[in-house]
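Next come the chains, spelled out residue by residue.
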Amino acid sequence: MSNRLNTTPNDLRAFWMPFTANRQFKQNPRMMVAAKDMHFTSSDGRQILDGTAGLWCVNAGHCRPKITEAIRQQAGELDYAPAFQMGHPKAFELANRLVDIAPEGMNHVLFTNSGSESVETALKVALAYHRTKGEGARSRLIGRERGYHGVNFGGISVGGIVSNRKMFGTLLTGVDHMPHTHLPDQNAFTKGQPEHGGDIASELERIVTLHDASTIAAVIVEPIAGSTGVLIPPKGYLKKLREICTKHGILLIFDEVITGFGRLGSPFAAQHYDVMPDIITTAKGLTNGVIPMGAVFVTSEIHDAFMQGPEHMIEFMHGYTYSGNPIASAAALATLDTYKEEGLLTRAADIAPYWEEQLHSLKDCPHVIDIRNTGLIGAIELEPIAGEPTKRAFSAFLRAYEDGLLIRTTGDIIALSPPLIISKDQIDELFDKVRKVLEGID
Ligand SMILES: Cc1ncc(COP(=O)(O)O)c(C=O)c1O
């Protein structure tokens, strides 16, 4: 029998929280108990304006009735169907609906349960694709400094955030990294895409020369590097990456876990920047963050390369127990309906100019050394406190929460990415609060 005296219901010790300063949190917990549209309700009864769409995922706002109802219904109708060698209609319907909004040519979808799993899936597809084509020597994966691709071993290997990598050994072999594109001296306070840095893409040529193209399977980048503090691609950069990959037969993977589903004013960043990758990874906004689910898009060329050999044989030895789970599929279908009915996959394009203007009006606030933005994304970089990196932004985060606003910080950067339903009044409210926060912290 378990020893039930170990814990009491309100004991916070058992849950080891993810990416959280556990000791700080448990001394002074910040608990959400409800949410609706643009707001959370905290356990002390306050309304908290959501400046981050949860974690870049609640794109349609919270507790949207259609999604809630779809989950309720599906849970009572078909809770689970085996994902391997069996199917259920909603997963197929969802894949078709996703292909309809994806960039042209992205005709096939593999389902996962998170952004991290989408990344692992994409990297494995890339490696296996080259093998099926008789180019098994293409086993290297190229990521980028400051890149974030989730927390699993493939993702942290190609990722470039040192603190996410350094504790975990030697990681995958055969990985190299392109330089990041952050040039604050030249690009500070840029609205939209920076002018300087597009030529950094040529560094990929140097890496290809070093290893030889015949050893490289894929390049993976976030079109906009989000978790490292919002680095927007300089003009020409993504197109140049595409050209180099095409020239050398290297697959280009866009990790659109945060940019997918309308964040920039197009369904995907690939459409926004008019650059077509070979594989796109997604998650988050796919189900409005409500149920864990991810999707990896691949071209017909990649998919068809696997469809060979005896027909009773499994073509790709990969998948998850919950790939295309019925309840997640129902949630995603209802999310796509909500996006469509409310025009949310393109709404950011309409509201972005107002967002940009209000965001950049914070330029004169204390501690601010850079502001950058695109679509419904904004970043405010603060001067770090000497010898105490991250502390100033964390103080801002705590102060904002006290003042009824959820922001996200990484390093000394405040990242903002509200639900795509935000009104102009709420944008005003958000930036008024941020201004007060910056004026109130040391
Ligand atoms: C670009 C990118 N890739 C992957 C991930 C990992 O997603 P998840 O936390 O769902 O595993 C994230 C999460 O923020 C992300 O921003």
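Further up the page is the structure itself.
A quick note: this is a predicted structure, and the numbers were derived from the prediction, not measured.

J.: Lay out empty space enclosed by the protein with the relevant residues and their values.
T.: In the structure shown here, the tally under the stated rule is one cavity of 30 Å³ or more. Approximately 120 Å³ is the volume found for the largest cavity. In terms of lining residues, the largest cavity is bounded by 14 residues, among which His182, Asn187, Pro194, Ile232 and Arg372 are the most central. When contributions to the lining of the largest cavity are tallied by element, the ones reaching two or more residues are helix H8 (184-187) and strand S11 (368-374). Grouping the amino acids of the lining of the largest cavity by side-chain chemistry returns seven nonpolar, five polar and two charged.

J.: How would you summarise the environment of glycine 169 if you had to cite specific residues and measurements?
T.: With respect to the element layout, glycine 169 can be found in the loop between helix H7 (162-165) and strand S6 (175-178). Owing to a relative accessible area of 55%, glycine 169 belongs among the exposed residues under this scheme. Between the C-alpha atom of glycine 169 and that of lysine 247, which follows or precedes it by 78 residues, the distance is 34 Å.

J.: So what's going on with the layout of surface pockets? Residues and values would help.
T.: In this structure, the second largest pocket spans a volume of roughly 1,200 Å³. For the lining of the second largest pocket, the secondary-structure elements that each account for two or more residues are helix H4 (89-101), strand S4 (106-112), helix H5 (115-132) and helix H12 (300-306). Class assignment for the residues of the lining of the second largest pocket results in 22 nonpolar, 13 polar and two charged.

J.: Give a detailed account of the packing of H4 against helix H13 (residues 326-342), specifying residues and quantitative values.
T.: For any two helices packed against each other, one specifies the inter-axial angle together with the distance between the axes. Two numbers describe how H4 lies on H13: the axes approach to 9 Å, and their chain directions differ by 35 degrees. Here H4 runs over H13; the crossing is left-handed. Along the contact surface, H4 presents Lys90, Ala91, Glu93, Leu94, Arg97, Leu98 and Ile101, while H13 presents Ser329, Ala330, Ala332, Leu333, Leu336 and Asp337. Across the contact of H4 with H13, the residue classes break down as eight nonpolar, one polar and four charged.

J.: Give me the site of the ligand: which residues, what numbers.
T.: Within the structure, the ligand sits among Ser114, Gly115, Ser116, Tyr148, His149, Gly150, Glu222, Ser227, Asp255, Val257, Ile258 and Lys284. In the environment of the ligand, an oxygen atom lies 2.8 Å from a nitrogen or oxygen atom belonging to the backbone of glycine 115. One of the side-chain N or O atoms of aspartate 255 is found 2.7 Å from a nitrogen atom in the ligand. When the free accessible area of the ligand is taken as 390 Å², the share hidden by the protein chains comes to 83%. Looking at the shell around the ligand residue by residue, the classes come out as three nonpolar, six polar and three charged.

The rules behind each value
- Residues numbered from 1 in each chain as written.
- Predicted model: local features only at pLDDT ≥ 70, side-chain atom pairs only at ≥ 80, totals over all residues.
- Heavy atoms only, no water.
- 1 Å grid on protein atoms, 1.4 Å probe; cavity = no way out; pocket = protein on both sides within 12 Å on 5 of 7 lines; lining within 4 Å.
- Points joined across faces, edges and corners; volume = space filled by probe spheres on them.
- Helix = DSSP H or I, 4+ residues; strand = E, 2+ residues; numbered from the N terminus.
- Nonpolar A, V, L, I, M, F, W, Y, C, P; charged D, E, K, R; others polar.
- Buried < 20%, exposed > 50% of the residue type's maximum accessible area, 1.4 Å probe, protein only.
- Axes fitted to C-alpha atoms, helices over the stretch in contact; angles between N-to-C directions.
- Left-handed = near helix turned anticlockwise from the far one by under 90°.
- Contact = heavy atoms within 4.5 Å.
- Near = heavy atom within 4 Å.
- Polar contact = N/O pair within 3.5 Å; in protein donor to acceptor, adjacent residues only side chain to side chain.
- Areas by Shrake-Rupley, 256 points an atom, 1.4 Å probe, with all protein chains shown as cover.

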